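Chains, contacts and geometry: an overview
Spelled out from the first residue to the last, the chains are:
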Amino acid sequence: MPELPEVETVRRGLTKSVVGQTITEIEIRYFKIIVGNVQEFRDRLLGATITDIGRRAKYLLFHFDNGWTMVSHLRMEGRYQLRAEKSEFDKHVHVIFSLSNGQYLAYRDVRKFGKMQLVPRGSELNLKSIAALGPEPLTPEYTSEALRAGLSERRKSIKATLLDQHVVSGLGNIYADEVLWQSRINPQEPANNLSATQLTTLYQAINTEIKRAIDAGGTTVHSYVNADGQKGTFQGQLQVYQHTGEACPRCGNSIAKIKVAGRGTHYCPVCQPLNS
DNA sequence: ATTGAATCCTGGTCGC
DNA sequence: TGCGACCAGGATTCAA
């Protein structure tokens, strides 16, 4: 599942490969990927040139020279592919942009959970879903005080709270498990029950982990591949995610997998104990 | 206001 | 070998 580091990696790859390109044709094979009127989506992007690509948390923001911005969320398995021939796309490709350089930029999504939406440039941050996002790691808005305040009013588990994009944005199932392990916090610990030390440790771990993952080009799990077709390497640095039954790198005990808030959760029961 | 459940999807896995 | 049942999982919607 692409999280902030993976989306940032995709953003950088696409910035190199498609900025400056003009959309000459659009083929939409599965309409439900598009939020809003499909015909308007198509009409507004035909002839438009990509000027730059931004990002907010896990949302990609394709800015066009005609004043429109395409907001794209990859959800579970969405990814972009750049190919020389349309025939190279399989049945999971749902939207194909023909580019002025003759290449094709496609959106592929096996589970069809991803969404694309066109909004006037500058209004994307006002979208309900984006406006409600909490501060994201590695930005001035993400402070230890913001984290403390956000967690203090949540009684549900810290794992569920980290997945909730309203407190901190950009984390998903992989990095939530990893930062909790780094911080020696039990995933089921109520968010408002963290000690001051745990809060400080968690705050730092989130920044550090996200930065390291971005530097590594993200984590490649299952279907995730960035726009260049390259794989990120951060999976080699994961300590608990998908390491069920293996030895905890810190204490040697067995990594457990449980379900928290409906999500598979990996942790070490020995060095991530519940607070008493 | 917060919280939990249901929802969307398909490939993979399991049991027979 | 095949087939039905079940599951994962981010964000949204709805209900409590």
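Every value quoted in this text rests on a predicted model; they were computed, and no experiment measured them. (Residues numbered from 1 in each chain as written. Chains lettered and ligands numbered in written order. Predicted model: local features only at pLDDT ≥ 70, side-chain atom pairs only at ≥ 80, totals over all residues. Heavy atoms only, no water.)

A look at the UniProt feature "domain: FPG-type" (unreviewed entry) in chain A
We apply this condition: UniProt positions are given in the numbering used here, feature names are shortened, and annotations may be inferred rather than shown by experiment. Helix and strand labels come from DSSP, where a helix needs a run of H or I of at least four residues and a strand needs a run of E of at least two; each type is numbered from the N terminus.
Within this structure's numbering, the places UniProt gives as "domain: FPG-type" (unreviewed entry) are residues 239–273. Helix makes up 0% of residues 239–273 and strand 29%. Its end C-alpha atoms lie 17 Å apart.

Details of the domain arrangement of chain A
For the record, the criterion: Bear in mind that the domain bounds are from an automatic or database domain assignment. Whether two residues touch is decided by their heavy atoms; if any such pair falls within 4.5 Å, the residues are in contact. Accessible-area loss on putting two parts together, using a 1.4 Å probe and summing over both, is the definition of buried area adopted here. Any pair of N or O atoms that falls within 3.5 Å is considered a polar contact. Within protein, one atom must be able to donate a hydrogen and the other to accept it, and sequence-neighbouring residues count only if both atoms are side-chain atoms. Each residue receives one of three labels: charged for Asp, Glu, Lys and Arg, nonpolar for Ala, Val, Leu, Ile, Met, Phe, Trp, Tyr, Cys and Pro, and polar for the others, Gly being one of them.
For chain A, the domain assignment lists domain 1 (4–130) and domain 2 (144–267). When each unit is reduced to the centre of its C-alpha atoms, the spacing between domain 1 and domain 2 is 28 Å. Of the residues lining the interface, 16 residues belong to domain 1; the matching set on domain 2 comes to 18 residues. Both sides of the domain 1 and domain 2 interface together cover about 1,400 Å² of buried area, and 59% of this is carbon and sulfur. Summed over the shared surface of domain 1 and domain 2, the result is 5 residue pairs in polar contact (both at pLDDT 80 or more). For the side of domain 1 that touches domain 2, the secondary-structure elements that each account for two or more residues are α1 (4–18) and β6 (79–83). For the side of domain 1 that touches domain 2, the element with the highest residue contribution is α1, accounting for 9 residues. Looking at the side of domain 1 that touches domain 2 residue by residue, the class counts come to 7 nonpolar, 2 polar and 7 charged.

Overview of the protein's contact with DNA strand B
Keep this limit in mind: Residues are counted as near a molecule or strand when any one of their heavy atoms sits within 4 Å of it.
Near DNA strand B the following residues occur: Y30, K32, K91, H92, V110, R111, K112, F113, E153, R154, R155 and K156. When atoms of DNA strand B within 4 Å of the protein are sorted by moiety, sugar and phosphate together comprise 69%. The contact in question runs from a phosphate oxygen of DNA strand B to an N or O atom on the side chain of K112, over 2.8 Å. Considering only residue class, the surface near DNA strand B consists of 3 nonpolar, 1 polar and 8 charged.

Structural notes on the nonpolar core
One recurring pattern in soluble globular proteins: nonpolar side chains tend to sit buried together. Defined as follows: What is meant by a nonpolar core is a set of buried Ala, Val, Leu, Ile, Met, Phe, Trp, Tyr and Cys residues, joined one to another through side-chain atoms within 4.5 Å. Between buried and exposed lies partly exposed: a residue is buried under 20% and exposed over 50% of the maximum accessible area for its type, with that area taken using a 1.4 Å probe on protein chains only.
Membership of the largest hydrophobic core comes to 30 residues, with the highest contact counts inside it found for M70, Y80, F97 and M116. No other element matches α1, which puts 4 residues into this core. Among residues more than four places away in sequence, those in contact with M116 are I33, I34, V35, F41, M70, V71, S72, Y80, V95, F97 and Y107.

Observations concerning the protein's contact with DNA strand C
Around DNA strand C there are 15 residues in total, and H73, R111, S129, K259 and R263 lie nearest to it. When atoms of DNA strand C within 4 Å of the protein are sorted by moiety, sugar and phosphate together comprise 66%. At 3.2 Å from a phosphate oxygen of DNA strand C is found a main-chain nitrogen or oxygen belonging to G264.

Looking at the layout of surface pockets
Sizing a probe to match a water molecule and rolling it over the atoms shows the empty space that remains. What counts is decided by this rule: Using a grid of 1 Å spacing that covers the protein atoms alone, one calls a set of points a cavity when a 1.4 Å probe fits there but cannot get out, and a pocket when the set is open and has protein on both sides within 12 Å along at least five of seven lines; lining residues are those with an atom within 4 Å of a point. Grid points are joined across faces, edges and corners, and a volume is the space filled by probe spheres set on the points.
Its boundaries defined by the atoms lining it, the largest pocket holds a volume of some 1,100 Å³. In terms of lining, the largest pocket is formed by 44 residues, of which the most central are M1, K58, H73, R75 and M76. Within the residue set of the lining of the largest pocket, elements represented by two or more residues are β5 (68–73), β9 (115–120), α3 (128–131), α5 (158–163) and β11 (263–267). In terms of residue class, the lining of the largest pocket is made up of 19 nonpolar, 15 polar and 10 charged. Split by domain, the residues of the lining of the largest pocket number at least three in each of domain 1 (4–130) and domain 2 (144–267).

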